[in-house]
Amino acid sequence: MKGYFAFVLHAHLPYVLHKESGALEERWLFEAITESYIPLIWGLEERASNHTQYTLSLSPPLLEMLADERLIDRYLQYIDNTFDLIEKESSYVSSHEESEVVSFYKKRYQRIKQTFLEWNGNLIAAFRFYVEKNKLECLTSSATHAFLPYLLTEQGIRLQIQFGIQCFEHHFGFKPDGFWLPECAFTPGIDKVLYEEGVRYTFVDEGTIRGLDPTPKNCHVPTFSPHGIVLFPRHNEVSRKVWDAQTGYPGDPNYREFYRDIGYTREFEYIKDHIHPEGIRVDTGLKYHKITGETEEKESYVRKVALDRVVEHSNDFVHSITGSLNENRDNDDGAPPLTLASFDAELFGHWWYEGPEWISALLERGKNQLSWITPKEYIKRHYQLIETHHASFSSWGRNGFGEVWLNDNNAWIYRHLHEMERQLIKLCAVDQQQAHLTKQAIKLLANEWMLAASSDWAFIMDQQSSSEYAIRRIKDHLGVFNTLKTAIENNSITPHLLQKIGSRYPFLECCEMPNITSEHDQYIASQQVPPTNDGDETTILMLSWEFPPNVVGGLARHVYDLSRAMAKEGHSVYVITSAVDGSPDFEVIEGVHVYRVRGKQPYHEDFYHWSGSLNLAISELALKLAEKVKFDCIHAHDWIVSVSAKGLQQRFNLPLIATIHATEHGRNNGIHTDLQGVIHHKEWELMYEAKHIIVCSTFMKHELKAIFQVPEEKIAVIPNGVDPLLCRTATTTGSWKHKFGNEQDFYIFSLGRIVPEKGYAVMIDTASLLKDLHPSIKFIIAGRGPMLDTYRSSVKERNLENNVFFIGYVSDEERNMYMSNCDAVLFPSLYEPFGIVALEGMAARTPVIASDTGGLDDIIDHNQNGLKVYAGNPESMRDQILVLYENGNLSKHLVENAWSEVTSRYSWDHIAVKTANVVKQFTRKPILTGGE
Amino acid sequence: MIDEIVLLKDKGYSVKQIAFEMNTSIGKVQYRLKKYRQLQGGDAVKGGEEFGQAPEIPVLYNNDQLTVLPQSPQCVYAFWEIHTNTQNLVTHHLTTEWCNLMKQLKIYDVSDLIFDGHHAHQNFVISLPEMTNNWFVRDLEPNRTYVIDFGIQTCDGNFLTVLRSLPIETPREKVEGNSRHHTSVLNWQSGSQKNSEWYEHFSTYSYYQSLKS
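## Section: the overall build of chain B
Turning to step 1, where the next piece is worked out: When helices and strands are tallied, chain B shows five helices and eight strands.
Turning to step 2, where the next piece is worked out: Counting helices and strands in the order they occur from the N terminus, chain B gives α-α-α-β-β-α-β-β-β-β-β-β-α.
Turning to step 3, where the next piece is worked out: For chain B, with 213 residues in total, the buried portion stands at 31%.
Turning to step 4, where the next piece is worked out: Counting contacts in chain B only where the partners sit at least 6 residues apart, residues at least 24 apart contribute 52% of the total.

Rendered as structure tokens:
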């Protein structure tokens, strides 16, 4: 013999013990007890030896129903009713053959009742007894027999497995180390939870093993799943001999015919007391025919002939097992093969009436001819030889995967089952310090979800025969789930409500609800701080696509400085910005919560759709944040975030404040393309939706009024600020000057993107005017841009190589060094919405010369904090440079005034207060009257 | 009388049994019960079948979710829901009413890739009829990892992703020469990988998933 044989049964019925007796589906349980479970107990009772232990899995719903006290009366009533019918039948039937069958039933039902009463109606006690006698090995399945691969979360799987094990332990007094996967449905990840819950082995379909990666040498050898669960495959060919409707043993002509029940054939008046009270004809259990063959004329059932066939079939089965084992090649090094036959327990007795007798015959015959083993024993002996493989999704259903439980007839249920799973986890996460009543309610909620998730409902819908009941059950559990959920959310749970809901299906009362809140959610809850915003402080959601280190223009700097200053003032600031590689998704920078999000298409070729993708991501995160953080307002910067800003404003009904840093119209000197038109429209929408608009210069205010017709009173001008600390340099010497000329030369520094509107062409002209009379005046221009080469050539052509230097990119430190140690900074811009560089020059304590354009015009007060020149006018620029060149005292005066503005008007602290004032005008904070 | 009926009813007796116990007719018991239930009108437990008609199933939950379940080596089932808020965002971004947008599923084969939202071994698109919230995606390859996007075909010919599923692995069908996970299993066994390199279908669901503190 090359290998072992093991026999496994799985007993399961969905939970159908309704609160009110008489439900049609309750009969499923009565029939299974009568025809399968009690005859199986007889088999155990009659067998003397314990050489041939088999394995029986009992599902938690079945265990709970078998243990229910209500069952005893109801079942006895059922049996007594059948007795009455048998009595009636004895005088009703006429033929000798039929009388024989009736007297067989009479004896059999007497014995059934006797067994039931012997065990005091507690069949679990019977199975437990035979486990103790070593005749049987028992294990269990998931809490409600859910098709585990179709659950949503790990917690859902854990609940199903943990409740299953707890329930079994409650009824059997020990924890099982084997576990029956409902429908043998496996998928990667289930093994992890099983292992963590103490399970060591389970059962799968042969197809699971055939599809292992790497491919196994023999598909009848158990394997370890990656997480260390031994997977025992069913031997399909051998098992088919029993379950196959056409070719299997149960189809033998001598066996009892299943469908011709007298419940359907007798006169209604005669039978009405023995069928469903509502007059629905049902199986009575009394069937008088044998299968006979493919004919409508069925012959009478002859018990003795059927039992002879049982013996023959058990012999045949032993023979085919031996055959299957002999097919195995000699396998010296690996774990030995195992022919495992596994079936639904109800197949034996209920579907195949003679099945339990066949099992007894098999156990008897196989005792000496087969090496029987239990899965547990197999592992004990051979675990060292079992190999590990990756197993993919599979089940024992039609075609080996999920199509029985997922098809056009039943797919709709998963949307609802998943939602219940999510809601359950949500309720646990939201209230982690549950009061006693809430705890009870959550447990009931879990029950309702689990009862709805039973694989039976999807299975019944697939069959399309009695799907009505299955649909009604799902609706029922879903409805009660939602009622209870609302009660928990509204804090309106009462003991009466819980009692009412719980008594519908008193199920798994023995189980403790485990903690299903993720570590992350526990952490978030532990971080909860009581809101301190009882006064002037506001909680602001700030949206900006740019934020350091993602610096494209001046926007990043602005939002960075503003957010930090507002946080310093005591406001809670949450910035959501776009992700950059290498930066964390979340960090707290000087009190500012910075979240960096990535759109689902972070490399979209089209910038416009890239921004759309970013907005969806911003909104998604903001919605999540709002679950925990109560925002007072949304502050959006520029059009790129307008879609999410508008969406969130509508969703939360919060005031929206928009800061407009620049406009598409201004940047392009008009709107020329479709895309510019779309962006222009987005800007308009953002301003339209905003409660108030902030701009940084009167220049921008005029632009918005002129181009977008924004009413004057909707716009606040708050200039940009500057942080002097960020303009400091470690280099105090002017040693860099040697690169360009002498230490005592007059150095003018400028910085900006090298584009036409920055006016560097004018600067070159000015240099040309000064060159001959004042060769010691030098111009240093830092920055990159499309005009860089053009300007460099122009400098060469005009022989200004010793006067004008375009030095390209400089680091922040270099910038600060030049700015602090030069004699003047100069900004010759033609268009400039704000001109933050001018402030940086002021903060570096260097005199500033700037053109009278845009925001620069606002900042510079001529002769007070700097000097102003006519934009685009080289002569004007020359004159002002010379004023400064010739008057050292003026320089000192300008720098002092400028510095005092930098530390007041342009300090971020000041700006934060002003911005907060705008925000506060529009947030409806409750007014605290104090004194309770 | 009614108190006794309700008591027996709560014990799980059928109307017939109650009638028998109380030595009265079924009709009388039913009548009393009906009256009693009418009086109890605003019962808090609606939805339990024994508290009346089972409720209708919610049509939507106003969630953003796109879930994919495997059916077979060639077929997966996708179902989704788009929050009205998200619909509004997309409408705003594309300046087109939601009902006039062209909805699609885009299926990416991302086997053994770290998917960045764009590159995949291959992808294909299914145009969805209006009012559709689920689809059986067929003609897939066994033993591959897929990601599915629900998105919009924009009028400028771009695809804008609205929702993305978690990766899903189609089961293996071939019985010979499976070796895709061979190295991963060895790495896992030897402990050189802390987390499994293959995709496991379940993750711990955190309600405050994207929140940090």
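## Examining the overall build of chain A
Turning to step 1, where the next piece is worked out: When helices and strands are tallied, chain A shows 34 helices and 22 strands.
Turning to step 2, where the next piece is worked out: Here the C-alpha atoms of chain A give a radius of gyration of 42 Å, more than 25% beyond the 30 Å that 2.2 N^0.38 yields for 932 residues.
Turning to step 3, where the next piece is worked out: Taking the principal axes of its C-alpha atoms as reference, chain A extends roughly 140 × 70 × 50 Å.

## Quick notes on the environment of Glu269 of chain A
Turning to step 1, where the next piece is worked out: For Glu269 of chain A, the location among the structural elements is in helix H11 (residues 268-271).
Turning to step 2, where the next piece is worked out: Sequence-wise, Glu269 of chain A and Lys892 of chain A are 623 residues apart; in three dimensions their C-alpha atoms are separated by 118 Å.

## Overview of the interface of chain A and chain B
Turning to step 1, where the next piece is worked out: With 87 residues of chain A in contact, the opposing surface of chain B contributes 70 residues.
Turning to step 2, where the next piece is worked out: Elements represented by at least two residues in the side of chain A that touches chain B include exactly helix H6 (154-172), helix H15 (413-430), helix H18 (467-489), helix H19 (495-502), helix H20 (519-526), helix H22 (607-625) and helix H23 (642-652) of chain A.
Turning to step 3, where the next piece is worked out: For the side of chain A that touches chain B, a count of residues per class yields 30 nonpolar, 32 polar and 25 charged.

## As for the domain arrangement of chain B
Turning to step 1, where the next piece is worked out: Domain assignment breaks chain B into domain 1 (2-51) and domain 2 (65-172).
Turning to step 2, where the next piece is worked out: A straight line from the C-alpha centre of domain 1 of chain B to that of domain 2 of chain B covers 51 Å.

## Description of the sheet that holds strand E8 (residues 338-344) of chain A
Strand pairing in a sheet takes place through backbone hydrogen bonds and is either antiparallel or parallel in direction.
All names here are of chain A.
Turning to step 1, where the next piece is worked out: Within the open sheet, the eight strands sit side by side as E6-E7-E5-E4-E3-E2-E1-E8. Their pairing is mixed. In this open sheet, the two strands that pair with only one neighbour each are strand E6 (223-224) and E8.
Turning to step 2, where the next piece is worked out: Pairing geometry for strand E3 (residues 136-141) and strand E4 (residues 178-180), over two bridges, is parallel. Bridge assignment links Thr140 to a residue of E4, and that residue is Phe179.

## What to know about the nonpolar core
Residues and elements named next belong to chain A.
Turning to step 1, where the next piece is worked out: Among the nonpolar cores identified, the biggest contains 292 residues, and Leu445, Val575, Ile634, Ile693 and Ala838 are the most heavily contacted of them.
Turning to step 2, where the next piece is worked out: The residues touching Ala838, leaving out its near neighbours within four places in the chain, are Phe827, Val848, Ala850, Leu856, Ile859 and Ile860.
Turning to step 3, where the next piece is worked out: Counting seven residues, the second-largest nonpolar core is a separate cluster that includes Leu85, Val101, Tyr105 and Tyr301.

## A few points about H18 of chain A
Turning to step 1, where the next piece is worked out: Helix length check: H18 of chain A (23 residues) gives 33 Å between terminal C-alpha atoms against 33 Å at 1.5 Å per residue, within 8%.
Turning to step 2, where the next piece is worked out: Phi for Asn491 of chain A, located one or two positions after H18 of chain A, is positive at around 60°.

## Remarks on the environment of Cys696 of chain A
All names here are of chain A.
Turning to step 1, where the next piece is worked out: Of note, Cys696 is situated in the loop between strand E15 (692-695) and helix H26 (698-708).
Turning to step 2, where the next piece is worked out: Between the C-alpha atoms of Cys696 and Val8, which are 688 residues apart in sequence, the distance is 78 Å.
Turning to step 3, where the next piece is worked out: Discounting chain neighbours no more than four positions away, the residues touching Cys696 are Ile718, Pro719, Asn720, Phe834 and Gly855.

## Some words on the packing of H15 of chain A against helix H16 (residues 436-452) of chain A
All names here are of chain A.
Turning to step 1, where the next piece is worked out: Packing of H15 against H16 leaves a shortest axis separation of 10 Å and a crossing angle of 165°. The angle between H15 and H16 falls in the class roughly antiparallel. H15 and H16 meet at a crossing whose hand is left-handed. On H16, the residues touching Leu417, Met420, Glu421, Leu424, Leu427 and Cys428 of H15 are Ile442, Leu445, Ala446, Trp449 and Ala452.
Turning to step 2, where the next piece is worked out: Of the residues that constitute the contact of H15 with H16, the class distribution is 10 nonpolar, no polar and one charged.

## Examining the pairing of strand E2 (residues 54-58) of chain A
Residue and element names in this part refer to chain A.
Turning to step 1, where the next piece is worked out: Where burial is concerned, most of E2 is hidden: five out of the five residues are buried.
Turning to step 2, where the next piece is worked out: Here E2 shows a buried face lined by Tyr54, Leu56 and Leu58 and a second buried face lined by Thr55 and Ser57.
Turning to step 3, where the next piece is worked out: Bridging between strand E1 (residues 4-11) and E2 involves four bridges; their strand directions are parallel. Counted as the bridge partner of Val8 is Thr55 from E2.

## Some words on the sheet that holds strand E2 (residues 75-81) of chain B
Residue and element names in this part refer to chain B.
Turning to step 1, where the next piece is worked out: Pairing is antiparallel in the open sheet, where three strands are placed in the order E1-E2-E5. Each having just a single partner strand, strand E1 (65-72) and strand E5 (134-137) make up the two edges of the open sheet. Here the strands of the sheet are splayed against their neighbours by 20° on average, with no regard to which way each runs.
Turning to step 2, where the next piece is worked out: As judged from the seven bridges shared by E1 and E2, these two strands associate in the antiparallel manner. Among the inter-strand pairings, Ser72 is bridged to a residue of E2, identified as Cys75.

## Description of unusual backbone geometry
All names here are of chain A.
Turning to step 1, where the next piece is worked out: Here the bond from Asp213 into Pro214 is cis, since omega is -5°, no more than 30 degrees from zero.
Turning to step 2, where the next piece is worked out: Relative to the assigned elements, Pro214 resides in the loop between helix H8 (206-210) and E6.
Turning to step 3, where the next piece is worked out: Between Pro548 and the following residue, Pro549, the backbone shows a cis peptide bond with an omega angle of 5°.
Turning to step 4, where the next piece is worked out: At Asn120, a residue that is not glycine, the phi angle is positive and equals roughly 55°.
Turning to step 5, where the next piece is worked out: Looking at the element boundaries, Asn120 is found in the loop between helix H4 (96-118) and helix H5 (123-132).
Turning to step 6, where the next piece is worked out: Given 10 C-beta atoms within 10 Å, Asn120 falls into the exposed group.
Turning to step 7, where the next piece is worked out: The backbone of Glu590 shows a phi angle near 45°, a positive value even though the residue is not glycine.
Turning to step 8, where the next piece is worked out: Topologically, Glu590 is positioned in the loop between strand E11 (586-589) and strand E12 (592-597).
Turning to step 9, where the next piece is worked out: A tally of 12 C-beta atoms within 10 Å means that Glu590 is categorised as exposed.

Conventions we followed
- Residues numbered from 1 in each chain as written.
- Chains lettered and ligands numbered in written order.
- Predicted model: local features only at pLDDT ≥ 70, side-chain atom pairs only at ≥ 80, totals over all residues.
- Helix = DSSP H or I, 4+ residues; strand = E, 2+ residues; numbered from the N terminus.
- Buried ≥ 20, exposed ≤ 12 C-beta atoms within 10 Å, placed from the backbone.
- Contact = placed C-beta atoms within 7 Å.
- Rg over C-alpha atoms; globule rule 2.2 N^0.38 Å.
- Nonpolar A, V, L, I, M, F, W, Y, C, P; charged D, E, K, R; others polar.
- Domains from an automatic or database assignment.
- Pairing = 2+ DSSP bridges.
- Core = buried A, V, L, I, M, F, W, Y, C linked by C-beta atoms within 7 Å.
- Expected span 1.5 Å × (residues − 1).
- Axes fitted to C-alpha atoms, helices over the stretch in contact; angles between N-to-C directions.
- Parallel < 35°, antiparallel > 145°, perpendicular 65-115°, else oblique.
- Left-handed = near helix turned anticlockwise from the far one by under 90°.

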